[in-house]
Amino acid sequence: MTQAAFFVLTALADQPRHGYGILREVEELSDGAVQLRVGTLYGVLDRLTADGLIVLDREEVHEGRLRRYYRLTDEGMRALDAEAERMAAGASAAKRRIAEGRGAPGPVTNPAQGPGLAGGLA
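Residues numbered from 1 in each chain as written. Predicted model: local features only at pLDDT ≥ 70, side-chain atom pairs only at ≥ 80, totals over all residues. Heavy atoms only, no water.

**Student:** Give a detailed account of the side chain of E83, specifying residues and quantitative values.
**Tutor:** Tracing the chain through its elements places E83 in helix α4 (residues 74–103). Beyond its immediate sequence surroundings of up to four residues, E83 is in contact with M1 and F6. (Helix = DSSP H or I, 4+ residues; strand = E, 2+ residues; numbered from the N terminus. Contact = heavy atoms within 4.5 Å.)

**Student:** Lay out the pairing of strand β2 (residues 54–62) with the relevant residues and their values.
**Tutor:** When β2 meets strand β3 (residues 65–72), the two strands line up antiparallel, connected through 8 bridges. Bridged to H62 within β3 is R65. In this structure, the hairpin formed by β2 and β3 is closed by a connection of 2 residues, where E63 is found at a positive phi of approximately 50°. (Pairing = 2+ DSSP bridges.)

**Student:** Any details on the sheet that holds β2? Residues and values, ideally.
**Tutor:** Ordered by their spatial adjacency, 3 strands build an open sheet running β1-β3-β2, and the pairing between neighbours is antiparallel. Both outer strands of the open sheet, β1 (17–18) and β2, are each paired with one neighbouring strand and no more.

**Student:** Could you give an account of the nonpolar core, with specific residues and numbers?
**Tutor:** By size, the foremost hydrophobic cluster in this structure holds 23 residues, and its most contacted members are V8, I22, V26, L36, L48 and I54. Every element with two or more residues in this core is listed here: α1 (3–11), α2 (19–29), α3 (38–50), β3 and α4. Looking at this core element by element, the count peaks at 7 residues for α1. (Core = buried A, V, L, I, M, F, W, Y, C linked by side-chain atoms within 4.5 Å. Buried < 20%, exposed > 50% of the residue type's maximum accessible area, 1.4 Å probe, protein only.)

**Student:** Provide a residue-level description of α4, including the pertinent values.
**Tutor:** Here α4 is 30 residues long and its end C-alpha atoms lie 44 Å apart, about the 44 Å a rise of 1.5 Å per residue gives. Buried within α4 we find G76, A79, L80 and E83. Elements that come into contact with the buried residues of α4 comprise α1 and β3. (Expected span 1.5 Å × (residues − 1).)

**Student:** Account for the pairing of β3, naming residues and giving values.
**Tutor:** Where β1 meets β3, 2 bridges bridge the pair, whose relative direction is antiparallel. Paired with R17 across the bridge in β3 is Y70.

**Student:** An account of the packing of aromatic side chains is needed here, citing residue identities and associated values.
**Tutor:** Applying the stated criterion across every chain yields a total of 1 aromatic pair. Both rings, one in F6 and one in F7, keep their centres 5.4 Å apart while their planes meet at 80°; by these two values the pair is edge-to-face. By the burial criterion, F6 is buried, and F7 matches it. In this structure, R58 packs its charged tip against the face of Y69, placed 3.9 Å from the ring centre. (Phe/Tyr/Trp six-rings, centres within 6.5 Å; stacked < 30°, edge-to-face > 60°. Lys NZ or Arg CZ within 6 Å of the ring centre and 35° of its normal.)

**Student:** I'd love a proper account of α2, names of residues and values included.
**Tutor:** Within the sequence span of α2, burial applies to G19, G21, I22, L23, E25 and V26. Its buried side turned inward, α2 meets α1, β1, α3 and β3. Backbone geometry just after α2 places D31 at a positive phi near 55°.

**Student:** Can you lay out the packing of α1 against α3 for me, pointing to particular residues and giving the numbers?
**Tutor:** With their axes 10 Å apart at the nearest point, α1 and α3 run at an angle of 75° to one another. Taken together, the axes of α1 and α3 lie roughly perpendicular to each other. On the side of α1, the interface is formed by A4, A5, V8 and L9, while α3 contributes L41, V44, L45, R47 and L48. Grouping the amino acids of the contact of α1 with α3 by side-chain chemistry returns 8 nonpolar, no polar and 1 charged. (Axes fitted to C-alpha atoms, helices over the stretch in contact; angles between N-to-C directions. Parallel < 35°, antiparallel > 145°, perpendicular 65-115°, else oblique. Nonpolar A, V, L, I, M, F, W, Y, C, P; charged D, E, K, R; others polar.)

And the structure:
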């Protein structure tokens, strides 16, 4: 699942939203790291709809413009939950490795004792 798809599904997890509302919510959820353009958003929405993860909830006219509201399907909620679990497991593995790396011996300070440029002892 792409980062954009993950955040769009997350934006729709609590309530249906229209396109501009999704854009704002994705930016907020990602602390500004993901800023979707309109064309990208509608490409993601089309793909998620085709995959059965979201559906059109309703259409409303607001200030003369049509707003389409999307919502998660049950399958979309399961996919989001599975992706969140996968990401959490990956983050946990990374944290363990970082902690293990911090406990590893530091760089060799005496070049005569450590590996040379070719990996052998100098």
